[in-house]
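Per-entry structural report
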Amino acid sequence: MHTQQRSTAVDAIRGLSLAGILMANMLIFQYGIFGKDELHYFQATALDQAVHNVLKIFVEGSFMPIFAFLFGYSMVMMRESLIAKGLKYGRSLFRRSVLLIALGALHSYYIWEGDILLFYGGVSFFLLLFVKRKPRTLLIWGAALLALMAAFSYGTAETTAEGTARMAAYVKKSIEVYGSGTYSEIMHFRLTEELPIDLPEWLLLLVFLITPLISAPMFLFGMAAAKRGRFLDPSAEIKRYVRGALLVPVALALKTACVLLGTGSAWNGPLTLLGGPLLGLGYVYLFALLYAVSPRKSAVIRAFEAVGRLSLTNYLMHSIVCVLIFYGFGLGLFGKLGVLPGALLAVVIYAALATGSLLWLKRFRSGPVERLLRVGTYWSWSGRPKAKAAPPPISDVRGQGPAAL
């Protein structure tokens, strides 16, 4: 087992994933979950459309899978660390899952509906079925689920005139509410407005039930990587990283084909479900390769590491900062900034939070949200697992020392 090492490479990769997640989420902050793919309602320019396509190919759907990969990785590392200390891991993993669900529920209800923490907390219970499995088993299950979900997604989704009208009404109302509404008005819209999803209820229920299976492959691949001790010694794994990075051009070709074919193509689903995770994996290995050959004191590398160590805190800060910029109770820039300026703003926000993370870690060992999560996970004010009390020595009948066993 590899329980005594903390992988700074994994911290840096997690920091990179948060950069991509912020870049992708910036479209949702600016245009809404449904509006981001309906830019014609926002008087988008040709430049907006071009940059949007670039983001769909290089960013959207490819950085969240990295986060999932690292979530599975950390779950296994946490289990092995507890076992090495002679502690039971089930209760700690259970408490961690419940806390993530609670944190995600608060985040999605009070701050922003694009939360992922609630889902990650829920999927943790599903992953407990695999936490003891061998790496090969995890890889087989991950590959099989990825292929199966891609196959099931083949086909075209028909859009009715009623569905188009409902989407138009929803997006136009969201522009008004998010752009100039008060906090309570935005909350009311989010909680009561009917979603413009043109699908029958039974199909919506089916999608809900299989969502964990759609996301499962990257979690399982991360668990397998942890069990094989990947990313603990980057300089010794350079050849493996080079091979893994070859996924990048393959996945980019799949995602480019998806954009060129458009949403009306029957191949849109398979290309999306394959291209996104494969590009995420390729990015993981490509960045690990860059990490392995770069100077460890590089300011950029240290910034990625710092953001990765404070990943939960930074993720929540993304939401707080962006809703204050785009929603009506803040600056009210919803739908007004443009895709390219929004992407550049994401870089500025990330750089500011990375700087703050570096300064924070000069005084503290972890972020505030990470500390609270550790306290609840290990049920310890120190935020560390309680050491198992050693049994008292057994004396021999003469009381002269430990009995020989």
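Small disclaimer: the values here were computed from a predicted structure and weren't measured.

1. Quick word on the overall build of the protein chain
Helix and strand content of the protein chain: 16 helices and zero strands. Referenced to the eigenvectors of the C-alpha coordinate spread, the extents of the protein chain come out at roughly 90 × 50 × 45 Å. For the protein chain, restricting intrachain contacts to residue pairs at least 6 apart in sequence, the fraction spanning at least 24 positions comes to 79%. Approximately 20,700 Å² of the protein chain is accessible, and the part contributed by carbon and sulfur atoms is 66%. Averaging the locations of the 39 positively and 21 negatively charged side chains of the protein chain gives two centres separated by 18 Å.

2. Description of the packing of aromatic side chains
Scanning the model with the defined rule gives 30 aromatic pairs in all. Taking 4.7 Å as the distance between ring centres and 75 degrees as the angle between the ring planes, the aromatic pair formed by Tyr-109 and Tyr-110 counts as edge-to-face. The partly exposed category is assigned to Tyr-110, whose relative accessible area is 45%. Ring-pair connections join several aromatic residues into one group, and the members of that group are Tyr-31, Phe-34, Phe-42, Tyr-170, Tyr-178, Tyr-183, Phe-189, Tyr-327, Phe-329 and Phe-334. Just above the ring of Tyr-89 sits the side chain of Arg-79; from NZ or CZ to the centre is 4.7 Å.

3. As for a nonpolar patch on the surface
Taken together, the side chains of Leu-106, Tyr-109, Tyr-110, Tyr-183, Leu-191, Ile-320, Leu-324 and Phe-329 define a hydrophobic patch exposed on the protein surface, amounting to about 740 Å² of accessible area. If one sorts the elements of the nonpolar patch by residue count, helix α4 (residues 90–110) sits on top with three residues. Following the sequence through the fold, Tyr-183 ends up in helix α8 (residues 183–192). Judged by its relative accessible area of 36%, Tyr-183 is partly exposed.

4. Examining the nonpolar core
In terms of nonpolar packing, the biggest core is built from 107 residues, with Phe-69 and Phe-231 touching the most fellow members. Leave out the neighbours within four places in its chain, and Phe-69 touches Met-218, Phe-221, Gly-222, Ala-225, Phe-231, Leu-281 and Val-284.

5. A look at unusual backbone geometry
Positive phi outside glycine occurs at Gln-43, with the angle close to 55 degrees. Relative to the helices and strands, Gln-43 is located in the loop between α1 (8–31) and α2 (46–58). Note on Gln-43: relative accessible area 73%, which makes it exposed. Phi at Phe-231 is positive, roughly 70 degrees, even though this residue is not glycine. With respect to the helices and strands, Phe-231 occurs in the loop between α9 (201–227) and α10 (238–245).

Conventions used here
- Residues numbered from 1 in each chain as written.
- Predicted model: local features only at pLDDT ≥ 70, side-chain atom pairs only at ≥ 80, totals over all residues.
- Heavy atoms only, no water.
- Helix = DSSP H or I, 4+ residues; strand = E, 2+ residues; numbered from the N terminus.
- Contact = heavy atoms within 4.5 Å.
- Areas by Shrake-Rupley, 256 points an atom, 1.4 Å probe, with all protein chains shown as cover.
- Lys, Arg positive; Asp, Glu negative; His and termini not counted.
- Charge placed at Lys NZ, Arg CZ, Asp CG, Glu CD.
- Phe/Tyr/Trp six-rings, centres within 6.5 Å; stacked < 30°, edge-to-face > 60°.
- Buried < 20%, exposed > 50% of the residue type's maximum accessible area, 1.4 Å probe, protein only.
- Lys NZ or Arg CZ within 6 Å of the ring centre and 35° of its normal.
- Patch = residues over 30% accessible without salt bridge, like charges linked within 9 Å, V, L, I, M, F, W, Y side chains within 5 Å.
- Salt bridge = Lys/Arg side-chain N within 4 Å of Asp/Glu carboxyl O.
- Core = buried A, V, L, I, M, F, W, Y, C linked by side-chain atoms within 4.5 Å.

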